[in-house]
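Single-letter residue listing:
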Amino acid sequence: MSAQSRTRITATLSNEHRARLMRLAKEVDFPAGTRLFNEGGRADRFWIVRSGIVALDVHVPGRQPAVVDRLDRDELVGWSWLFRPHLWHLGAEARTPLRTYEFDAVAVRMMMDADPAFSADVGHWVGQVLARRLTSARIRLLDSFAPYGSGSTR
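Scope of this entry: the structure provided in the associated data block.

Rules of the game
Residues numbered from 1 in each chain as written. Predicted model: local features only at pLDDT ≥ 70, side-chain atom pairs only at ≥ 80, totals over all residues. Heavy atoms only, no water. Pairing = 2+ DSSP bridges. Helix = DSSP H or I, 4+ residues; strand = E, 2+ residues; numbered from the N terminus. Axes fitted to C-alpha atoms, helices over the stretch in contact; angles between N-to-C directions. Contact = heavy atoms within 4.5 Å. Phe/Tyr/Trp six-rings, centres within 6.5 Å; stacked < 30°, edge-to-face > 60°. Buried < 20%, exposed > 50% of the residue type's maximum accessible area, 1.4 Å probe, protein only. Lys NZ or Arg CZ within 6 Å of the ring centre and 35° of its normal.

Side note on the sheet that holds strand S2 (residues 35-37)
Spatial strand order, S2-S7-S4-S5: four strands in an open sheet with antiparallel pairing. Looking at strand neighbours, the two that pair on one side only are S2 and strand S5 (66-71), the edges of this open sheet. Direction aside, neighbouring strands of the sheet carry axes that sit 30 degrees apart on average. As paired strands, strand S4 (residues 54-58) and strand S7 (residues 91-94) are joined by four bridges and run antiparallel to one another. Directly across from Asp 57, in S7, lies its bridge partner Gly 91. With respect to the sheet, helix H5 (residues 116-145) is in contact with S4 and S5, its orientation differing from that of S5 by roughly 135 degrees.

Re the sheet that holds strand S6 (residues 76-77)
Strand order in the open sheet formed by four strands is S1-S8-S3-S6, with antiparallel pairing between adjacent strands. The two strands at the open ends of the sheet, each matched to only one other strand, are strand S1 (26-30) and S6. Sheet analysis places strand S3 (residues 45-51) next to S6, joined by two bridges and oriented antiparallel. If you follow Trp 47 over to S6, its bridge partner there is Val 77.

Concerning the packing of aromatic side chains
Applying the stated criterion to the full structure yields seven aromatic pairs. Taking the centre distance of 4.1 Å and the plane angle of 15 degrees together, the rings of Phe 46 and Trp 81 count as stacked. With Phe 46 in strand S3 and Trp 81 in the loop between S6 and S7, this pair connects stretches of sequence that are 35 residues apart. No difference in accessibility class separates Phe 46 from Trp 81, as the two residues are buried. Members of the aromatic cluster, connected to one another through ring pairs, are Phe 30, Phe 37, Trp 47 and Trp 88. Sitting over the face of the ring of Phe 118, Arg 20 holds its NZ or CZ atom 4.8 Å from the ring centroid.

This is how it looks when you write it as structure tokens:
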């Protein structure tokens, strides 16, 4: 199983906890080119991709945002909603027509506060997502600035 597939909701949350989370889901679609959020904005929701591609990016003054990762089906879009001060650390844009499940972050955090097992499962999932994205960013940086092939994870 690839590192990316281990961070997908279908491979990470238990069936029970995934079903509980999905009861809060609202289907939301975005046209290509839509900004889902910008760095520094209030992180009050998050999404799981149903279909399409989302680009995660970093603001670069005077230039277009630099894409740091691309997300697709079953992947979590946004993790800043879980950590105070609940402000986006990155930006996100729909690169293709995008179909998502949208979640109210406050409602999910309240469920987590009420159920330690659910909280642990969701926290583990988000932690795995963060770890994969940090590794991906590290490899991209090494591939950009170091000799060819030095971005290996070994």
